[in-house]
Amino acid sequence: DAGVTQSPTHLIKTRGQQVTLRCSPKSGHDTVSWYQQALGQGPQFIFQYYEEEERQRGNFPDRFSGHQFPNYSSELNVNALLLGDSALYLCASSPLLRGIDGYTFGSGTRLTVV
Amino acid sequence: AQSVAQPEDQVNVAEGNPLTVKCTYSVSGNPYLFWYVQYPNRGLQFLLKYITGDNLVKGSYGFEAEFNKSQTSFHLKKPSALVSDSALYFCAVTTLLPGDSNYQLIWGAGTKLIIKP
């Protein structure tokens with residue numbers, strides 16, 4: 001049973017560019033959450049998708065947007081990249097909207113902005 | 001506001017000795033508490049959770065955690081450490097306030113655990 005799959009694993013972009021990260025949730029999971037983890041820090045919640053809608057959002061600017069598809073997979077888009085956007089981006093899926101049974105995390109996408 | 005504190009940036013333990021990684025939390029409602037482990041260049045792996053019930057929670061890889069409501073703590077423990085336990089450990093909390101239907105996990109900054117042979 002495949003877990004959470006994220007692509008690509010690594011990415012290098014230039015300031016001002018746009019990037020799209022992808023996530024396929026674990027089989028049976030319908031809720032997807034995205035986190036940003038800067039080096040040496042804990043994950044910071046970006047947003048959560050359920051039934052193809054953004055249900056909750058953390059303290060991130062509108063440059064960060066997302067989408068969830070009918071098959072529950074999700075994309076994270078970041079526009080006008082800044083150097084400070086360099087981080088590990090983690091996708092987590094869960095079987096319930098509230099996810100209190102615990103997330104399953106992907107291995108992440110390491111984004112470097114130069 | 002909800003918060004999680006992991007007071008130790010790093011914990012050093014000799015292999016075979018017991019280990020403790022500390023976590024304290026602050027929430028307005030009933031806490032739901034989690035421990036995750038992260039290996040280098042990897043995502044987060046779920047270790048254990050406390051939702052309700054017995055204060056001593058057993059999880060993966062021989063880890064356990066004790067929920068202490070009076071001290072608002074959820075310390076991670078293992079009786080005998082292995083070198084392979086060396087990793088970054090994160091404590092997280094969520095809660096549901098009256099009227100809320102959504103939630104988000106609030107994370108600690110992480111504790112680096114180093115097990116020396």
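Rules used in this analysis
- Residues numbered from 1 in each chain as written.
- Chains lettered and ligands numbered in written order.
- Predicted model: local features only at pLDDT ≥ 70, side-chain atom pairs only at ≥ 80, totals over all residues.
- Heavy atoms only, no water.
- Helix = DSSP H or I, 4+ residues; strand = E, 2+ residues; numbered from the N terminus.
- Rg over C-alpha atoms; globule rule 2.2 N^0.38 Å.
- Buried < 20%, exposed > 50% of the residue type's maximum accessible area, 1.4 Å probe, protein only.
- Areas by Shrake-Rupley, 256 points an atom, 1.4 Å probe, with all protein chains shown as cover.
- Lys, Arg positive; Asp, Glu negative; His and termini not counted.
- Charge placed at Lys NZ, Arg CZ, Asp CG, Glu CD.
- Pairing = 2+ DSSP bridges.
- Axes fitted to C-alpha atoms, helices over the stretch in contact; angles between N-to-C directions.
- 1 Å grid on protein atoms, 1.4 Å probe; cavity = no way out; pocket = protein on both sides within 12 Å on 5 of 7 lines; lining within 4 Å.
- Points joined across faces, edges and corners; volume = space filled by probe spheres on them.
- Nonpolar A, V, L, I, M, F, W, Y, C, P; charged D, E, K, R; others polar.
- Disulfide = S-S within 2.5 Å.
- Core = buried A, V, L, I, M, F, W, Y, C linked by side-chain atoms within 4.5 Å.

*Asks:* Would you mind showing me how to read the overall build of chain B here?
*Replies:* Scanning chain B from terminus to terminus reveals 0 helices and 12 strands. Element order for chain B, N to C, with α for helix and β for strand: β-β-β-β-β-β-β-β-β-β-β-β. Taking 2.2 N^0.38 as the reference for a compact globule, 117 residues should give roughly 13 Å; the C-alpha atoms of chain B span a radius of gyration of 14 Å, in line with that estimate. The C-alpha extent of chain B, read off along each of the three principal axes, is 50 × 30 × 20 Å. A burial count over chain B gives 43% of its 117 residues as buried. A total of about 5,700 Å² of accessible surface is found on chain B, and carbon and sulfur atoms cover 49% of it. Here chain B contributes 9 positively and 8 negatively charged side chains, and the mean placements of these two sets differ by 3 Å.

*Asks:* Before we go on, may I ask you to explain the sheet that holds strand E8 (residues 74–78) of chain A in this structure?
*Replies:* Two pairing modes exist for strands in a sheet, parallel and antiparallel, and in both the strands are linked by backbone hydrogen bonds. All names here are of chain A. Ordered by their spatial adjacency, 4 strands build an open sheet running E1-E3-E8-E7, and the pairing between neighbours is antiparallel. Edge positions in the sheet fall to strand E1 (5–7) and strand E7 (64–68), since each of these pairs with one other strand and no more. Between one strand axis and the next, the sheet turns through 15° on average, direction left out of account. The pairing of E7 with E8 spans 5 bridges and is antiparallel. From the neighbouring strand, serine 65 faces E8, where its bridge partner is asparagine 77.

*Asks:* Would you mind showing me how to read the pairing of strand E6 (residues 53–57) of chain A here?
*Replies:* Successive side chains on a regular strand alternate, one facing one side of the sheet and the next facing the other. Residues and elements named next belong to chain A. Where strand E5 (residues 44–50) meets E6, 4 bridges bridge the pair, whose relative direction is antiparallel. Residue pairing for E6: tyrosine 50 is matched across the bridge by glutamate 53. Two successive antiparallel strands, E5 and E6, enclose a turn made up of 2 residues, where glutamate 51 displays a positive phi of approximately 50°.

*Asks:* I keep staring at the layout of surface pockets and nothing clicks. Help me out?
*Replies:* In this approach, a probe sized like a water molecule rolls over the atoms, and the result shows the empty space that is left. All names here are of chain B. Roughly 270 Å³ of internal volume is contained in the largest pocket. Mapped by element, the contributors of at least two residues to the lining of the largest pocket are strand E10 (87–94) and strand E12 (111–116). Its residues assigned to classes, the lining of the largest pocket shows 8 nonpolar, 6 polar and 3 charged. Size it by volume and the second largest pocket reaches roughly 180 Å³.

*Asks:* Just checking my understanding: could you explain the state of the cysteines for this structure?
*Replies:* Among covalent bonds in proteins, the disulfide is the one between the sulfur atoms of two cysteines. Residues and elements named next belong to chain B. Within this structure, the stated rule accounts for 2 disulfides over all chains. Between the sulfur atoms of cysteine 23 and its disulfide partner cysteine 91 the distance amounts to 2.0 Å. Across the S-S bond linking cysteine 23 and cysteine 91, the dihedral sits near -65°, which makes this disulfide left-handed. A residue pair is termed long-range when its members are at least 10 positions apart, and cysteine 23 in the loop between strand E3 (19–21) and strand E4 (24–26) and cysteine 91 in strand E10 qualify at 68 residues.

*Asks:* Sorry, what's going on with the nonpolar core here?
*Replies:* Across soluble globular proteins, you tend to see nonpolar side chains buried next to one another. Counting 27 residues, the largest nonpolar core has B:Leu19, B:Trp35, B:Leu47, B:Leu48, B:Phe74, B:Leu76 and B:Tyr89 as its most contacted members. Put simply, the parts of the chain that give this core at least two residues each are strand E2 (10–14), E3, strand E5 (32–38), strand E6 (44–50), strand E8 (64–68), strand E9 (73–78), E10 and E12 of chain B. A per-element tally of this core places E10(B) first, with 4 residues. With 19 residues, the next largest nonpolar core counts A:Leu76, A:Ala87, A:Cys91 and A:Val113 among its residues.

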